[in-house]
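One-letter residues, chain by chain:
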Amino acid sequence: MGLDRTRAILALAGDPQAGLRGALVAGTNGKGSTAAMLASILQSAGRRVGTMPSPHLSSYTERIQVDGRPISERDFAGAVAWLQPRLAELPPELGPPTEFEILTTVAVTYLARHTDVLVIEVGMGGRLDSTNVLDLGIAIITNVALDHMQYLGDTVEKIAAEKAGIIKPGNRVLTAAGGSALAVVEGQAALVGATIWRLGRELRLRTRWRGWQGSEIDLSGPGFAFSDVRVPLVGEHQSANAALAVAAGQLLDAPPDGLAATRWPGRLELIRDSPMVVMDGAHNPAALAQLGRELRRLEPTRRVIVVFGMMADKDINASLAELRRLGAAEVVFTAASGSRPASPAALAREWGSGIVEGDPEAAGRRALQLAGPDGLVLVCGSLYLVGELR
């Protein structure tokens, strides 16, 4: 792990990252939502915005987008073909490049030609993530919780240090982190001479919950104040993400007018009404806890049937503990798409009961039958599973 290989690949591509501006977004949860909201704000202000959503929901081409539109398959193939012979020039001592290193180079090369501002979501962690070769001027750290512990560390402080590794000299840092994680972020910002805006201090937020309609926020910060800003993404936690996006928009001379147009599928997304189907990519204990709180608030009386699949390298025990608090009538365990799914049978054994349907489509049909016309089917545990069933 490290950035040397990515830097070497970018050098062979002509260093397209030089001079690019925008925001690099890290965090345990909410970084995708924050990036989507900031991109919508910038696009509404007339900017041509490049993004790298990760992971994709339906097509791999979603990982490189201009103004919310995925790169075409033809352009993606062309960009990879252009880079491929240059990869052969990598010094052997660096070792072979990873998929994400190649994707990062392809994306940055393409977006540098077709956009004027980037909003880039970190893949995992921050300090050693391939996207950290970018210095876009703004570093956003949404929050810090336990996730990817085998790679990032087994404490919140260690994970915060990895995420704070995206902060570079002279950056403007925006964060909603709290407690010991915030102290780590503050320390890194001070170490490199970065200016920090913290939610609850420099950034002051008031929220009005609007149920399935999202929320409204009032936000003030250094030199700005906005009232009655509509946040279309569902969930009270999206207010903090929206606050960071609006503040970043101010640093990039973009008013929050475009926030209401944000679309971010697969996050507390209401798919249909009868039976009600909700999909959320919550894939770690903190996200599942938040999902449970929101769903109990949104639909306190509905009978809930859960379709659940998870990656094997996640904290499965703690995640299932949060799922129990949801009070589901039944759970259908299935295999999330991807290269490392947890066994549905193993998940059911850990749960102590439940239904096992290895095929996600069959699991979805079973859940619809169990829910009946007045129930609620919740799909969660993995964005890959959400993308497939969506």
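Residues numbered from 1 in each chain as written. Predicted model: local features only at pLDDT ≥ 70, side-chain atom pairs only at ≥ 80, totals over all residues. Heavy atoms only, no water.

Novice: Would you take a moment to explain the pattern of salt bridges for this structure?
Specialist: Two side chains bearing opposite charge may form a pair once their charged atoms approach each other closely. Applying the stated rule across the entire model yields 18 salt bridges. Residue Glu322 is joined to Arg325 by a salt bridge in which the shortest nitrogen-to-oxygen separation is 3.1 Å. Here Glu322 pairs with Arg325, and both are found in helix α10 (residues 316–325), just 3 residues apart, close to one helical turn. Classification of Arg325 as exposed rests on a relative accessible area of 52%. Taken together, the shared-partner salt bridges in this structure form one network comprising Arg208, Arg210, Glu216, Asp218 and Asp228. (Salt bridge = Lys/Arg side-chain N within 4 Å of Asp/Glu carboxyl O. Helix = DSSP H or I, 4+ residues; strand = E, 2+ residues; numbered from the N terminus. Buried < 20%, exposed > 50% of the residue type's maximum accessible area, 1.4 Å probe, protein only.)

Novice: Looking at this model, I keep getting lost on the pairing of strand β1 (residues 22–26). Mind explaining?
Specialist: Of all 5 residues in β1, 5 are buried; the element is thus mostly enclosed. The pairing of β1 with strand β5 (residues 117–121) spans 4 bridges and is parallel. Each residue of the ladder has a partner; that of Leu24, found in β5, is Ile120. (Pairing = 2+ DSSP bridges.)

Novice: Just to check I follow, could you spell out the sheet that holds strand β15 (residues 330–333) for this structure?
Specialist: Taking strand neighbours across the sheet as the criterion, the 6 strands line up as β12-β13-β17-β14-β15-β16 in an open arrangement whose pairing is mixed. Both outer strands of the open sheet, β12 (269–273) and β16 (355–356), are each paired with one neighbouring strand and no more. Pairing of strand β13 (residues 276–279) with strand β17 (residues 376–380) involves 4 bridges; the strand directions are parallel. Following the sheet pairing, Val278 is matched in β17 by Leu378. This element, helix α12 (residues 360–371), spans β12, β13, β14 (304–308), β15, β16 and β17 of the sheet and lies at about 175° to β14. (Contact = heavy atoms within 4.5 Å. Axes fitted to C-alpha atoms, helices over the stretch in contact; angles between N-to-C directions.)

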